[in-house]
Amino acid sequence: MSIIEVNKLTKYYGKARGIVDVSFKVEEGEIFGFIGPNGAGKSTTIRLFLSLIYPTSGDSKIFGQDAIQHGPELRQQIGYLPSEVFYYERMKVLELLKYSASFYDRDCTQRMYELADIMELDLKRRIDDLSYGNKKKVGIVQGLLHQPKLIVLDEPTAGLDPLMQRNFFQLIREENERGATVFFSSHILGEVQRMCNRVAIIKEGSVIRIEDIKTMQKDNYKKIRVMGNGLETSRFEADGVTNMIQENGAVTFFYKGDINVVTKMISAQELADVTIEEPTLEEIFMHYYE
Amino acid sequence: MNIYKQEFRMNLKSVVTWSIWVAVFIFLYTAALSSIATDAALLNEMMANFPEELLIAFGMQGLDMSTVLGSYSFVFLFTQVLLAIQAANYGISLVSVEERELTADFLLAKPVARTTIMTSKLLSALTGLTITNAVAWISSFVAINLFKNGRAFETMPLILLLLSIVVFQLFFLSVGILISLLVKRVRSVTPYAMGLAFGMYILSAFGGMMGDVKLELITPFKHFDPNYIINNGAYDMPLVMITVVVIIVSIVGSYVLYNRRDMRSAA
């Protein structure tokens, strides 16, 4: 049974496109990355499987059950950190967290204080006196205090300073080791690269690729840079070569395919230098967005 | 139950403020009208010279200002306006506040059905309105007895008047909720609430002026016309039923719309 199963999910806001035919599965124990630029449909997808909005067509299942029909009981086991955090402004942090805890069957008090401690959150302050980063911390604590089986993070690190980001990632890893499945939406590829096992890339409302993060980095793509006098791009044109750029006597390109083909191609040239490296996720990502 | 409590706590300040205003209003106007009641003959004579349209518009037609209830019915009409604004205000903001202040993503991601959220919020608002209602009862009885200057009055019509408050509040609360869910987005509550409350009042006032029956049919100010209740010692039942039907339709409609609604997000 998949933890999240999204099936041909489509959402239009009137005529405006939200997402189109998005399908993917997230398995138990995974940290699943969901990357794409702003406006690609990341939040729309999340808000659909949380039933904050309803699909135009398609459906989503969480823990094997329909997300709309069984929404309330499913959400006992979901922790959600929205991208923009706004809470009842006049409340104190502790009041808000207690209110949040009051929705769950289990006693969350101890975990609430632990989390507040880890995130260095001052419980006595009023919500409207908090900075954006501190509100984000409130969001993290309220999303995790009931020790959910599924953690849904929508752009979680925005506003957190680097030290807090480290605490936060550590926290998420621990939750994951405890058995929680994590759905991690972000446009910052570095953090997805560090955290996730698999990643889905969403572009203009459609998922264009779902891949193991290691496969994506190692097995598929090489970033090759050759230097030499009079090199021309035409000599490197072959199946699997993309993003070829020539500048300052160097030719740079991405290659995906049999490595022997490209090494033969390179060895046929008179070169001054060559580097073959794994592209960063950033570069792969840029590649998809060309 | 947790939502009910939370909502009530957040709303309490507003309930207290409104209740104080209603009490102050009832006391001041009852006192003022009682002080001129001694010259009521003069006042009645003066009113007789007013154009009839004006008297209808202000609910003063056929009003005997020399009697306790005659002048109180004048007070009550404007108390109704206050109560209408308060109830409409609570109705319009009841669920729209979560979308406007972007707390919907917090509340609706909790393990709770939207129907439960709506019911809790509805009951919480109703509790607040009932407190104001109780304050209106107490202030009315105290003020009337304080300023009756030995004049006798019938208690029954007064009780009928005050009993109508709860239905009257329910009308503006439920219609308010329905309107907030029919529009795409409520940017600001006050214009809607004022529009609904004064709109209904004006329909009643001008409807009477122009003798147009149709307009009056939809406004609870006409369904619970204090003048009618005082003079007849009874409700205008067919009209009251319209209010009841509107309340039921609005509440059912609100549940249906809220359950289907797409929550707006920050982005």
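If you're wondering where the values come from, they're calculated on a predicted model, not measured in any experiment. (Residues numbered from 1 in each chain as written. Chains lettered and ligands numbered in written order. Predicted model: local features only at pLDDT ≥ 70, side-chain atom pairs only at ≥ 80, totals over all residues.)

### Regarding the overall build of chain B
Then, in step 1: The secondary structure content of chain B amounts to twelve helices and zero strands.
Then, in step 2: Overall, chain B shows an N-to-C arrangement of helices and strands of α-α-α-α-α-α-α-α-α-α-α-α.
Then, in step 3: What you see for chain B is a C-alpha radius of gyration of 20 Å, in line with the 18 Å of a compact globule of 267 residues.
Then, in step 4: Considering only C-alpha atoms, chain B reaches an extent of 65 × 40 × 30 Å along its principal axes.
Then, in step 5: The buried share of chain B, taken over its 267 residues, is 43%.
Then, in step 6: Taking all contacts inside chain B whose residues are at least 6 apart in sequence as the whole, residues at least 24 apart take part in 79%. (Helix = DSSP H or I, 4+ residues; strand = E, 2+ residues; numbered from the N terminus. Rg over C-alpha atoms; globule rule 2.2 N^0.38 Å. Buried ≥ 20, exposed ≤ 12 C-beta atoms within 10 Å, placed from the backbone. Contact = placed C-beta atoms within 7 Å.)

### Quick notes on the overall build of chain A
Then, in step 1: For chain A, the count of helices and strands is ten helices and 14 strands.
Then, in step 2: Across its three principal axes, chain A shows a C-alpha extent of roughly 70 × 40 × 35 Å.
Then, in step 3: Here chain A holds 290 residues, and 39% of them are scored as buried.
Then, in step 4: Residue pairs at least 24 apart in sequence account for 70% of intrachain contacts in chain A once pairs closer than 6 positions are excluded.

### Description of the packing of helix α3 (residues 93–101) of chain A against helix α5 (residues 132–144) of chain A
Residue and element names in this part refer to chain A.
Then, in step 1: Running from amino to carboxyl end, α3 crosses α5 at an angle of 25°, the nearest separation of the two axes being 9 Å. One element, α3, and the other, α5, form an angle in the roughly parallel class. Our pair here, α3 against α5, has a crossing hand that is right-handed. Each of Val93, Leu96, Leu97 and Ser100 in α3 lies in contact with α5, whose residues at this interface are Val138, Val141 and Gln142. (Axes fitted to C-alpha atoms, helices over the stretch in contact; angles between N-to-C directions. Parallel < 35°, antiparallel > 145°, perpendicular 65-115°, else oblique. Left-handed = near helix turned anticlockwise from the far one by under 90°.)

### Describing the pairing of strand β2 (residues 16–26) of chain A
Residues and elements named next belong to chain A.
Then, in step 1: In this structure, strand β1 (residues 4–13) lies alongside β2, joined through seven bridges in antiparallel fashion. Its bridge partner being in β2, Ile4 is matched across the sheet by Val26.
Then, in step 2: Taking the residues that link successive antiparallel strands as the turn, the β1-β2 hairpin has two residues, and the phi of Gly14 there is positive, at about 65°. (Pairing = 2+ DSSP bridges.)

### Some remarks on the nonpolar core
Then, in step 1: Within the largest apolar cluster, 127 residues are counted, with the highest numbers of intra-cluster contacts made by Val141, Phe183 and Phe184 of chain A.
Then, in step 2: Take this core: its biggest share by element is 16 residues, from helix α4 (residues 68–100) of chain B. (Core = buried A, V, L, I, M, F, W, Y, C linked by C-beta atoms within 7 Å.)

### Things to note about the interface of chain A and chain B
Then, in step 1: In this assembly, 21 residues from chain A lie in contact with 21 residues from chain B.
Then, in step 2: Looking at the side of chain A that touches chain B, the elements that each hand over two or more residues are α1 (42–49) and α2 (71–74) of chain A.

### Some points on the sheet that holds strand β14 (residues 273–277) of chain A
Think of a sheet as strands paired side by side through backbone hydrogen bonds, with each pair either parallel or antiparallel.
Residue and element names in this part refer to chain A.
Then, in step 1: The strand order across the open sheet built from four strands is β12-β13-β11-β14, with neighbouring strands paired in antiparallel fashion. Each edge of the open sheet carries a strand with a single partner, namely β12 (241–247) and β14. The sheet shows a mean angle of 15° between the axes of neighbouring strands, taken without regard to direction.
Then, in step 2: One ladder, built from five bridges, connects strand β11 (residues 221–227) with β14; its direction is antiparallel. Bridge assignment links Val226 to a residue of β14, and that residue is Val274.

### Points about the domain arrangement of chain A
Then, in step 1: Structurally, chain A comprises domain 1 (4–204) and domain 2 (218–288).
Then, in step 2: A C-alpha centroid distance of 39 Å is found between domain 1 of chain A and domain 2 of chain A. (Domains from an automatic or database assignment.)

### Examining the packing of helix α7 (residues 155–182) of chain B against helix α12 (residues 237–260) of chain B
Residue and element names in this part refer to chain B.
Then, in step 1: Between α7 and α12, the shortest axis-to-axis distance is 8 Å and the interhelical angle comes to 35°. Relative to α12, the crossing made by α7 is left-handed. Residues Val167, Leu170, Phe171, Ser174, Val175, Ile177, Leu178 and Leu181 of α7 lie in contact with α12, whose contacting residues are Thr243, Val244, Val246, Ile247, Ser250, Ile251, Gly253, Ser254, Leu257 and Tyr258.
Then, in step 2: Among the residues forming the contact of α7 with α12, the class breakdown is 13 nonpolar, five polar and no charged. (Nonpolar A, V, L, I, M, F, W, Y, C, P; charged D, E, K, R; others polar.)

### A word on helix α4 (residues 109–118) of chain A
Residue and element names in this part refer to chain A.
Then, in step 1: Taken together, the buried positions of α4 are Met112, Leu115 and Ala116. Each buried residue of α4 sits inside an arc of 100° when the element is viewed along its axis, so together they form one side. Exposed residues pointing more than 90 degrees away from the buried face of α4 are listed as Gln110 and Asp117.
Then, in step 2: Of the surrounding elements, those touching the buried residues of α4 are α3 and α5. (Arc of directions from axis to C-beta.)

### Side note on the sheet that holds strand β4 (residues 57–62) of chain A
Residues and elements named next belong to chain A.
Then, in step 1: On the basis of which strands lie adjacent, the open sheet formed by four strands has the order β2-β1-β4-β5 and antiparallel pairing. If you trace the sheet from one side to the other, it starts and ends with β2 and β5 (65–66), each paired once.
Then, in step 2: Direction of pairing for β1 relative to β4: antiparallel, over a ladder of five bridges. Directly across from Ile4, in β4, lies its bridge partner Ile62.
Then, in step 3: The strands touched by α1 within the sheet are β1, β2 and β4, with β1 carrying the most contacts at an inclination of about 115°.

### Let's talk about the environment of Thr127 of chain B
Residues and elements named next belong to chain B.
Then, in step 1: For Thr127, the location among the structural elements is in helix α6 (residues 114–147).
Then, in step 2: Given 15 C-beta atoms within 10 Å, Thr127 falls into the partly exposed group.
Then, in step 3: It is 9.4 Å that separates the C-alpha atoms of Thr127 and Val15, two residues lying 112 residues apart in sequence.

### Brief notes about the pairing of strand β10 (residues 206–212) of chain A
Side-chain direction in a regular strand flips from residue to residue, so the side chains alternate between the two faces of the sheet.
Residue and element names in this part refer to chain A.
Then, in step 1: Sheet analysis places strand β9 (residues 198–203) next to β10, joined by six bridges and oriented antiparallel. Across the sheet, Lys203 pairs through a bridge with Ser206, a residue of β10.
Then, in step 2: Between β9 and the antiparallel strand that follows it, β10, lie two residues; Glu204 among them carries a positive phi value of about 45°.

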